[in-house]
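Summary of structural features
Given next are the chains, with one letter for each unit.
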Amino acid sequence: MGEGSRKKGFCGWFLVLLVAAVIAIAVVITVRKRSQNSEPELGPVPGPPGQVQKKYGDALKIAMQFFDVQKSGKLVDNKISWRGDSALKDGSEAKLDLSKGMYDAGDHIKFGFPLAFTATVLSWTILEYGDQMQTVDQLEPAQDSLKWITDYLIEAHPSENVLYIQVGDPKTDHGCWERPEAMTEKRPLIQVNTSSPGTEVAAETAAAMASASLVFKSSDSTYSSTLLKHAKQLFTFADKHRGSYSESIPEVQTYYNSTGYEDELLWAASWLYHATGDISYFEYVTGENGNDFAKFGSPSWFSWDNKLAGTQVLLSRVSFFGEKDTSNSASLNKYRKTAEAVMCGLLPKSPSATKSRTDNGLIWVSEWNALQHPVASAFLAVLYSDYMLTSRTAKLSCSGESYGPSDIRKFAISQVDYILGDNPMKMSYLVGYGDKYPEYVHHRGASIPEDATTGCKTGWKWLDSTDPNPNVAVGAVVGGPFLNETYVDSRNNSMQGEPTTYNSAVLVALLSGLITTSSVVQSFT
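This one's a predicted model, so the numbers in the text were calculated from it and none came from an experiment. (Residues numbered from 1 in each chain as written. Predicted model: local features only at pLDDT ≥ 70, side-chain atom pairs only at ≥ 80, totals over all residues. Heavy atoms only, no water.)

Topic: the state of the cysteines
In the structure shown here, the tally under the stated rule is 2 disulfides. Across the disulfide from cysteine 176 sits cysteine 456; the S-S distance is 2.0 Å. On the sign convention where negative means left-handed, the S-S torsion of about -85 degrees between cysteine 176 and cysteine 456 marks this disulfide as left-handed. Of this pair, cysteine 176 sits in the loop between helix 5 (170-173) and strand 3 (189-192) while cysteine 456 sits in the loop between helix 18 (444-447) and helix 19 (460-464), placing them 280 residues apart in sequence. With respect to class, cysteine 176 is no different from cysteine 456; both count as buried. The disulfide partner of cysteine 344 is cysteine 398, and the S-S distance across this bridge is 2.0 Å. Across the S-S bond of cysteine 344 and cysteine 398 the torsion is about -85 degrees, and the bridge reads as left-handed. In this pair, cysteine 344 sits in helix 15 (residues 330-346) while cysteine 398 sits in strand 4 (residues 396-398), placing the two residues 54 residues apart along the sequence. (Disulfide = S-S within 2.5 Å. Helix = DSSP H or I, 4+ residues; strand = E, 2+ residues; numbered from the N terminus. Buried < 20%, exposed > 50% of the residue type's maximum accessible area, 1.4 Å probe, protein only.)

This is the structure we're talking about:
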């Protein structure tokens, strides 16, 4: 054979080897891609609480303190040096003691709708992650804060079809800048009843009572039974006398306008099913009401106003861990499938990922109180990932791509890390955490020196003061950044700088799920 033939033969074999190598590499890449997307690694079976993630434990201890900052009434074992007794006569015009509860935000109104949501979320957190909270000594403080709210809610429900849903007049309250301890203005009451129904607020309060009854069932069975009795009565009232409180009482539209009550009915019935085991509540959510109200297949944002995503995740728990006669329900499967759609929307690399994000990955839906949606979404994500891990469910499918529990948890971590300072402002949006956090929080009590003597009108100078707040509203979660990821730290900037009690509840929930890992309980009872 000549030299030219040998060269041609060598080139031929080289091409064959090259093609074989390319095919081999392609196979390896395909296999790896399939292993990453189609068959995510499940990880070890969670057990008792593991090693504490210090930064999340520290953040939880701080976040919990905002509930003490917001307390109304005669304070017991007060841990906030600049707070004192306030609103001791709330409810007196109706011969009720409505002095407890918590103020809503930087003002001094008690809005029953978001306050009940705060209680429901706190209860859910304790039920799912109480063992993890205990590792950093935050379980008892959480139970105490919850009871401070539920004591108030019990008083606010003096008869089966009457619920007091607001204390204080927002116009009067917002016309003053003063410490809550110095309030002298009249604080009128608003109620819902059969002639002025408020299905959403009554149902949310039922959810709060039902979930809290589970929290206190083992420690105080009498109190638990009282809560459950109120929950059942309130749900019956809400369902039998359907009507939005925004229509019955138009003045509530200014601050906590409801977009509908159907989600709260499903949410409350779901909690009552967990609290009682009564199959009629299960049938309520899986029957005609579910078909009419659940908006199956349409992901939504979990918030004080919309409970559908929360209901879908809560009922997924039944699908993961329930008895066969319930977990195999076709309607229940629709809730779980919609919960999966919520998760797929949150995962940043999912084909159906929401575009409602900042450039650095924070979920961003609303200019006002921007952090409520990323925090609430991340809490649901942690829960769902833990349901998957505990039930040994390896993956969920998002338009053909597969993701595991670790992917969902990674998303949740990205949101909380952003809030704690991993953001373009290099600022923690949790007041009191880290080296840099907002110093001009829009909060009356925090902005006025403890020893200052002010009346309704004379306190406005403290709003306009150029000095940082003399009191730290420790644990406050401010409204958050604009879409361009900037934050203006100004006391007059209530859009970004005003904290809310319910934002703290969902952040406490999120942090409690992240401080360590453990199996979730398969039943709340």
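Picking up where we left off.
Quick word on the UniProt feature "domain: Glycoside hydrolase family" (unreviewed entry) in the protein chain
With numbering aligned to this structure, UniProt lists the feature "domain: Glycoside hydrolase family" (unreviewed entry) at residues 56-511. With 50% helix and 4% strand, residues 56-511 has end C-alpha atoms that lie 6 Å from one another. (UniProt positions renumbered as here; feature names shortened; annotations may be inferred.)

Points about the pattern of salt bridges
One pass over the structure, following the stated rule, counts 18 salt bridges. Of the charged contacts in the structure, one is a salt bridge between arginine 336 and glutamate 340, with a shortest N-O distance of 4.0 Å. Taken together, the residues arginine 336 and glutamate 340, both in helix 15 and 4 residues apart, mark about one turn of the helix. Assessed through its relative accessible area of 16%, arginine 336 is described here as buried. We note a salt bridge from aspartate 386 to arginine 409, for which the minimum N-O separation is 3.5 Å. With aspartate 386 in helix 16 (residues 372-390) and arginine 409 in helix 17 (residues 405-419), this pair connects stretches of sequence that are 23 residues apart. (Salt bridge = Lys/Arg side-chain N within 4 Å of Asp/Glu carboxyl O.)

What to know about the side chain of asparagine 423
Considering the arrangement of structural elements, one finds asparagine 423 in the loop between helix 17 and helix 18. Judged by relative accessible area, asparagine 423 falls into the buried class, the value being 3%. Separated by 2.7 Å, the side chain of asparagine 423 and the backbone oxygen of methionine 427 make a polar contact. (Polar contact = N/O pair within 3.5 Å; in protein donor to acceptor, adjacent residues only side chain to side chain.)

A word on the environment of aspartate 144
The topology assignment puts aspartate 144 in helix 4 (residues 139-155). Residues aspartate 144 and phenylalanine 67, 77 residues apart in the sequence, show an inter-C-alpha distance of 9.8 Å.

Structural notes on helix 7 (residues 221-240)
Since the α-helix packs 3.6 residues into each turn, any two residues three or four apart lie on the same face. Helix length check: helix 7, at 20 residues, gives a terminal C-alpha distance of 28 Å against a target of 28 Å (1.5 Å per residue), a fit within 8%. Along helix 7, the residues that are buried comprise Tyr223, Ser224, Leu227, Leu228, His230, Ala231, Leu234, Phe235, Phe237 and Ala238. Buried-residue contacts for helix 7 involve helix 4, strand 2 (163-167), strand 3, helix 6 (199-215), helix 10 (262-276) and helix 11 (279-286). (Expected span 1.5 Å × (residues − 1). Contact = heavy atoms within 4.5 Å.)

What about the sheet that holds strand 3?
Taking strand neighbours across the sheet as the criterion, the 3 strands line up as 1-2-3 in an open arrangement whose pairing is antiparallel. Each edge of the sheet is formed by a strand with only one pairing partner; in this case those strands are strand 1 (110-111) and strand 3. Of the strand pairs in this sheet, strand 2 and strand 3 are connected by 4 bridges, and their pairing is antiparallel. Along strand 3, the bridge assignment pairs valine 167 with leucine 189. (Pairing = 2+ DSSP bridges.)

Concerning the packing of aromatic side chains
Going through the model one piece at a time under the given rule, you end up with 25 aromatic pairs. With 5.5 Å between their ring centres and 70 degrees between their planes, phenylalanine 320 and tyrosine 384 make a pair best called edge-to-face. With phenylalanine 320 in helix 13 (residues 308-321) and tyrosine 384 in helix 16, this pair connects stretches of sequence that are 64 residues apart. Both residues of the pair, phenylalanine 320 and tyrosine 384, count as buried. Members of the aromatic cluster, joined through ring pairs, are Phe111, Phe113, Tyr245, Tyr255, Tyr256, Trp304 and Tyr502. It is lysine 71 that lies over the ring of tryptophan 148; its NZ or CZ is 4.8 Å from the centre. (Phe/Tyr/Trp six-rings, centres within 6.5 Å; stacked < 30°, edge-to-face > 60°. Lys NZ or Arg CZ within 6 Å of the ring centre and 35° of its normal.)

Comments concerning the nonpolar core
Trp124, Trp271, Met343 and Leu510 are the most contacted members of the largest nonpolar core, which has 154 residues in total. The biggest single contributor to this core is helix 3 (residues 112-134), with 12 residues. Residue contacts for tryptophan 124: discarding those within four places in its chain leaves Trp267, Trp271, Phe302, Gly310, Val313, Leu314, Phe379, Leu380, Leu383, Tyr387 and Phe524. (Core = buried A, V, L, I, M, F, W, Y, C linked by side-chain atoms within 4.5 Å.)

Re the pairing of strand 2
Within strand 2, 5 of the 5 residues are buried, leaving the element largely enclosed by the surrounding structure. Of the strand pairs in this sheet, strand 1 and strand 2 are connected by 2 bridges, and their pairing is antiparallel. Paired with phenylalanine 111 across the bridge in strand 2 is glutamine 166.

Things to note about helix 17
Compared with the 21 Å implied by 1.5 Å per residue over 15 residues, the 22 Å span of helix 17 between its first and last C-alpha is a close match. Along helix 17, the residues that are buried comprise Pro405, Ile408, Arg409, Phe411, Ala412, Gln415, Val416, Asp417, Tyr418 and Ile419. Count one or two residues on from helix 17 and you reach glycine 421, which has phi positive near 135 degrees.

With respect to the packing of helix 4 against helix 7
Where helix 4 meets helix 7, the closest approach of the two axes is 11 Å, and the angle between their N-to-C directions is 50 degrees. Between helix 4 and helix 7, the angle is such that the two are oblique. The chirality of how helix 4 crosses helix 7 is left-handed. Within the contact between the two elements, helix 4 uses Lys147, Thr150, Asp151 and Ile154 and helix 7 uses Tyr223, Thr226, Leu227 and His230. Of the residues belonging to the contact of helix 4 with helix 7, the class tally is 3 nonpolar, 3 polar and 2 charged. (Axes fitted to C-alpha atoms, helices over the stretch in contact; angles between N-to-C directions. Parallel < 35°, antiparallel > 145°, perpendicular 65-115°, else oblique. Left-handed = near helix turned anticlockwise from the far one by under 90°. Nonpolar A, V, L, I, M, F, W, Y, C, P; charged D, E, K, R; others polar.)

A word on the environment of isoleucine 190
Inspection of the secondary structure puts isoleucine 190 in strand 3. Judged by its relative accessible area of 16%, isoleucine 190 falls in the buried class. With 62 residues separating them along the chain, isoleucine 190 and valine 252 place their C-alpha atoms 9.6 Å apart. Residue contacts for isoleucine 190: discarding those within four places in its chain leaves Leu163, Tyr164, Ile165, Gln166, Ile249 and Glu251.

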